[in-house]
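Each chain is listed here by its residues.
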There are 2 protein chains.
Amino acid sequence: MFEAFWRETGDAAELVIPGWQTMSYFSDVGNVCWFMEPLFDQQVRRLHRTVGNAAVDGYHVLVGTGSTQLFMAALYALSPADADQPTSVVSTAPYYSSYPAVTDFLRSGLFRWAGDANSFVGDSYIELVCSPNNPDGAIRDAVLSSGAGKAVHDLAYYWPQYTPITRRADHDIMLFTVSKSTGHAGTRIGWALVKDREVARRMTKFVELNTIGVSKDSQLRAAKVLGAVSDGYDVGGGGASRHRLFDFGRRKMVERWRMLREAAAASGAFSLPAETSGQCNFANETAANNPAFAWLRCDREDVEDCAGFLRGHKILTRSGNQFGADPRYVRVSMLDRDDAYDIFISRLASLK
Amino acid sequence: MFEAFWRETGDAAELVIPGWQTMSYFSDVGNVCWFMEPLFDQQVRRLHRTVGNAAVDGYHVLVGTGSTQLFMAALYALSPADADQPTSVVSTAPYYSSYPAVTDFLRSGLFRWAGDANSFVGDSYIELVCSPNNPDGAIRDAVLSSGAGKAVHDLAYYWPQYTPITRRADHDIMLFTVSKSTGHAGTRIGWALVKDREVARRMTKFVELNTIGVSKDSQLRAAKVLGAVSDGYDVGGGGASRHRLFDFGRRKMVERWRMLREAAAASGAFSLPAETSGQCNFANETAANNPAFAWLRCDREDVEDCAGFLRGHKILTRSGNQFGADPRYVRVSMLDRDDAYDIFISRLASLK
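Here the structure is a predicted model, which is why all the values come from computation and not from measurement. Chains are numbered independently. Their residues run from 1 in the order of the written sequence. Both sets of labels track the order of writing: A upward for chains, 1 upward for ligands. In keeping with the predicted nature of the model, local features appear solely for residues at pLDDT of at least 70, side-chain atom pairs appear and are counted solely at 80 or more, and the whole-chain, interface and lining totals rest on all residues. Only heavy atoms go into the side-chain values, all of them from the structure, while hydrogens and water stay out.

1. A word on the domain arrangement of chain A
Residue and element names in this part refer to chain A.
Then, number 1: Domain segmentation is taken from an automatic or database assignment of domains. Per the domain assignment, the segments making up chain A are domain 1 (1-232) and domain 2 (245-350).
Then, number 2: Between the C-alpha centres of domain 1 and domain 2 there is a distance of 25 Å.
Then, number 3: Every contact between the two is made by 33 residues of domain 1 and, on the other side, 34 residues of domain 2.
Then, number 4: As used here, buried area is the combined drop in accessible area, with a 1.4 Å probe, of two parts when they are placed together. For the domain 1 and domain 2 pair, buried surface summed over both sides reaches about 2,700 Å², with 66% attributable to carbon and sulfur atoms.
Then, number 5: Within this document, salt bridges are pairs made up of a side-chain nitrogen of Lys or Arg and a carboxyl oxygen of Asp or Glu, the two lying within 4 Å of each other. Applying the counting criterion to the domain 1 and domain 2 interface returns 1 salt bridge.
Then, number 6: We note a salt bridge from Arg337 to Glu3, for which the minimum N-O separation is 3.1 Å.
Then, number 7: Within 3.5 Å is the distance limit for a polar contact, defined as a pair of N or O atoms, with the added protein rule that one can donate a hydrogen and the other accept it, and that residues adjacent in sequence qualify only through two side-chain atoms. Across the domain 1-domain 2 interface, the total number found is 10 residue pairs in polar contact (both at pLDDT 80 or more).
Then, number 8: Those elements that provide at least two residues to the side of domain 1 that touches domain 2 are α1 (3-8), α2 (38-51) and α5 (178-181). Note on contacts: a residue pair is in contact if any heavy atoms of the two residues lie within 4.5 Å. Only DSSP runs of H or I with at least four residues qualify as helices, and only runs of E with at least two residues qualify as strands; both kinds are numbered from the N terminus onward.

Following this line, the structure appears as structure tokens:
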């Protein structure tokens, strides 16, 4: 969806790497995250200051191979190494389907998926808080609050194209990724903002043991791309340009949600979460919540498996039960290419 | 150590990526390894055909974030998901110190480090075979041979600059990495050659769950670099040039090993593995084994901790006990920068 934007920016986000560059394992031996390129660190902090969506002062920036690796790194860092039982990992349903899969695929003795946070009983846990939430776009806060419990905030979608920036988030561990902020999923670069130095050290240790660091080439490319995004809004520095990613993304998302709500109304067989809005401190205006996913419910009495029903009409979605929810719901991606999205809309509108 | 070579190659290995390129998660949906760039696959196969160190026909190529990720992927793929006990992971001592660390850091219920392969008793296991071996450069074969057992061959150092290419390896699972073949550790790109499609599928699943694929930017850079190496020897295609990586690397390693043996002799306090050689099918001549690491033994009666003794003389090494061996031994890297290596040599020679 963002490709059209980056085609227009010309060489502003072009990366050139000579054959002899960034050959070493090391990038910044003085940093807790010794394999992180200083330029990436700088551009991450600069973009958060530009957008105002997360605090960076007093935080350690950590780079990961996508935010998935940093998600595992956080579980590793927050699980007591000497515990005789795996630490329980929970999240409020509907929760991102990858959370249970990634938590349990290696059957770790350190942590284990324990389901819906609302039904969890105990003091020791790791609560995953995704806000705006994947799959339903809800704005979330942690629901558990034990002294021994920890929270990991997955803020992959807390950017102006998806939701109003209502406050500067300042949680202990916050995860972000270029795949959702700029659209560069293929670079596999994510980052974490971490308050506690020991947690940052253990998360870094995980990435060291897992992949001995993170691609320098992609770190430099991400730095270039994030820098180009900040440049678009750099009024003070005079760098402000007509290439403004969040404006482009916001226009796209508003248009796609309008199309989707019209299609659902035309069909009459589906319902969507009610539109919410808030004051966006970044845009300085009231803005609607335009989630990257649509949490679609089939209202037909005779349909209990919405994903199966839609598949029968050549619409591919992910079933609600993968998110710990009712299979009458499905998750639909709102970030597909224009042509694919248009086909989806026309097919949905035609369903009665 | 290889940086000087790549500085000389000019733009032959330079990578340029526009801001809009390789944004997707997907690279080749028809391939078992759906996130692998076809160009990377092609250049990996081409280089192995050029060097003759490994068979590629009938093999699946898989890309990983360094070979460490593919090492974990192999453990995941070879461990029965339904086993009530973790599969035992073994390797002949002295073994690479990361093998136990990477195998056990998540306390997986699927696999568990079980130490020296020579003292292992049982039918079900995964044997790690590193050849030439890290840390001692020995040429190795699997020592276990049960029908239920599996082997993973780590061939990171099976390249002409380190050892004679005596045969085209054709094991079930073979791991390689650009960090040791071309020196590009910072790109974090490794690859696996896998015979069995189901094993390849499960290894791919591991990378999917762990990092949702591998940096496209680094895959394209690795393809460019591997292609430049093959070009250097592409006599038939007329592309053969004065830039021949393995010739450069071989000269470097021969020189460094000469310096090290002289220093050890001058000191009199250390001994090294005996030099071995063999017929190299790639160079078409008899060539010596020039390991990327020196397995140095301190012969002084009063020194039981060689690493500690050397640290006292400002020489940093890794102790033998980290490799499941006698602490009278240490591992010394032979791939450091020229200036650092020269300092090490002079300090070692001065020790009595």
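The structure having been displayed, the exposition proceeds.
2. Quick look at the interface of chain B and chain A
Then, number 1: Listed as interface residues are 55 residues of chain B and, on the opposing side, 55 residues of chain A.
Then, number 2: Taken together, both faces of the contact between chain B and chain A bury some 4,700 Å²; the carbon and sulfur share is 56%.
Then, number 3: Looking only at chain B, the three residues that lose the most surface to chain A are Met23(B), Leu106(B) and Arg107(B), adding up to 16% of its buried area.
Then, number 4: Linking chain B to chain A there are 2 salt bridges.
Then, number 5: The shortest N-O distance in the salt bridge between Arg221(B) and Asp217(A) comes to 2.7 Å.
Then, number 6: The interface formed by chain B and chain A holds 40 residue pairs in polar contact (both at pLDDT 80 or more) in total.
Then, number 7: Residues were grouped as follows: Ala, Val, Leu, Ile, Met, Phe, Trp, Tyr, Cys and Pro as nonpolar; Asp, Glu, Lys and Arg as charged; and all remaining residues, including Gly, as polar. Across the side of chain B that touches chain A, the residue classes break down as 25 nonpolar, 20 polar and 10 charged.
Then, number 8: Two strands make a pair as long as DSSP finds a minimum of two bridges between them. Bridge count for strand β1 (residues 15-17) of chain A against strand β1 (residues 15-17) of chain B is 3 bridges, and the pairing is antiparallel. Of the residues in β1(B), the one forming a bridge with Ile17(A) is Leu15(B).

3. As for the relation of the copies chain B and chain A
Then, number 1: Superposing chain B onto chain A requires a rotation of 180° together with a translation of 0.0 Å along the rotation axis, leaving an RMSD of 0.0 Å. Here the symmetry operator amounts to a two-fold rotation axis. When the copies are superposed, the least-squares fit takes in the C-alpha atoms of residues with a pLDDT of at least 70 in both.

4. Details of the nonpolar core
Then, number 1: In terms of nonpolar packing, the biggest core is built from 225 residues, with Met203(A), Phe270(A) and Met203(B) touching the most fellow members.
Then, number 2: Aside from chain neighbours lying at most four places away, what touches Phe270(A) is Ala264(A), Leu296(A), Arg297(A), Cys298(A), Asp299(A), Cys306(A), Phe309(A), Leu310(A), Leu348(A) and Leu351(A). We call a set of buried residues a nonpolar core when its members are Ala, Val, Leu, Ile, Met, Phe, Trp, Tyr or Cys and they connect through side-chain atoms within 4.5 Å of each other. Burial classes follow relative accessibility: with a 1.4 Å probe on protein chains only, a residue under 20% of its type's maximum area counts as buried, one over 50% as exposed, and anything between as partly exposed.

5. Here we look at the pairing of strand β10 (residues 277-280) of chain A
Residues and elements named next belong to chain A.
Then, number 1: Sheet topology note: the β10/strand β11 (residues 285-288) ladder contains 4 bridges and is antiparallel. Of the residues in β11, the one forming a bridge with Gln279 is Thr286.
Then, number 2: Hairpin connection between β10 and β11: a loop of 4 residues separates the two successive antiparallel strands, and Asn284 in this loop has a positive phi of roughly 55°.

6. A short note on the sheet that holds strand β9 (residues 270-271) of chain A
Residues and elements named next belong to chain A.
Then, number 1: As summarised here, the arrangement of the 4 strands in space is β9-β12-β14-β13, forming an open sheet in which the pairing is antiparallel. The sheet is open, and its two edges are formed by β9 and β13 (318-319), each paired on a single side.
Then, number 2: Where β9 meets strand β12 (residues 293-298), 2 bridges bridge the pair, whose relative direction is antiparallel. Bridged to Phe270 within β12 is Cys298.

7. Description of the packing of helix α3 (residues 66-78) of chain A against helix α6 (residues 197-211) of chain A
Residues and elements named next belong to chain A.
Then, number 1: Closest axis-to-axis distance for the α3/α6 pair is 8 Å, and the angle between their directions is 125°. The angle between the axes of α3 and α6 places the two elements in the oblique class. Between α3 and α6 the crossing geometry is right-handed. Residues Gln69, Leu70, Met72, Ala73, Ala74, Tyr76, Ala77 and Leu78 of α3 pack against Val199, Arg202, Met203, Lys205, Phe206, Val207, Leu209, Asn210 and Thr211 of α6.
Then, number 2: Residues belonging to the contact of α3 with α6 are distributed by class as follows: 12 nonpolar, 3 polar and 2 charged. Between N-to-C directions, angles span 0 to 180 degrees; the directions come from axes that are lines fitted to C-alpha atoms, helices contributing only their stretch in contact. Any angle from 65 to 115 degrees is called roughly perpendicular, while one under 35 is roughly parallel, one over 145 is roughly antiparallel, and all others are oblique. Put simply, a crossing is left-handed when the front helix is turned counterclockwise from the back one by less than a right angle, and right-handed when it is turned clockwise.

8. With respect to the sheet that holds strand β7 (residues 173-177) of chain A
Residues and elements named next belong to chain A.
Then, number 1: With respect to topology, 7 strands assemble into an open sheet ordered β2-β8-β7-β6-β5-β3-β4, the strand pairing being mixed. A single partner strand is all that each edge strand has here, and the edge strands are β2 (60-65) and β4 (111-116). Strand-to-strand twist in this sheet, taken as the mean axis angle between neighbours without regard to direction, amounts to 25°.
Then, number 2: Of the pairings in the sheet, the one linking strand β3 (residues 87-91) to β4 comprises 5 bridges and is parallel in character. Each bridged residue has a counterpart across the sheet, and for Val90 the counterpart in β4 is Gly115.

9. Looking at helix α10 (residues 338-350) of chain A
Given 3.6 residues to a turn, an α-helix orients residues that are three or four positions apart in the same direction.
Residues and elements named next belong to chain A.
Then, number 1: For a helix, the expected span equals 1.5 Å multiplied by the number of residues minus one. Taking 1.5 Å per residue, 13 residues should reach 18 Å; α10 reaches 19 Å between its end C-alpha atoms and fits that length.
Then, number 2: Within the span of α10, buried status applies to Tyr341, Phe344, Ile345 and Leu348. All buried residues of α10 lie within an arc of 100° about the axis, which places them on one face of the element.
Then, number 3: Where α10 is buried, its residues meet α8 (245-267), β9, β12, α9 (306-311) and β14 (329-333). Relevant arc is that of directions from the helix axis to the C-beta atoms, nothing else.

10. Some thoughts on the packing of aromatic side chains
Residues and elements named next belong to chain A.
Then, number 1: Think of it this way: a Phe, Tyr or Trp ring, Trp meaning its six-membered ring, pairs with another when their centres are within 6.5 Å, and the plane angle makes it stacked under 30 degrees, edge-to-face over 60, tilted otherwise. For the coordinates displayed, the defined rule picks out 49 aromatic pairs over all chains.
Then, number 2: Measuring from ring centre to ring centre gives 5.8 Å for Tyr157 and Tyr162, while their planes differ by 75°; the resulting arrangement is edge-to-face.
Then, number 3: Relative to Phe293, the ring of Tyr157 has its centre 5.6 Å away and its plane inclined at 75°; by these criteria the two rings are edge-to-face. Taken as a pair, Tyr157 in the loop between β6 (150-154) and β7 and Phe293 in strand β12 lie far apart in primary sequence, 136 residues in all.
Then, number 4: The class of Phe293 is buried, set by a relative accessible area of 9%.

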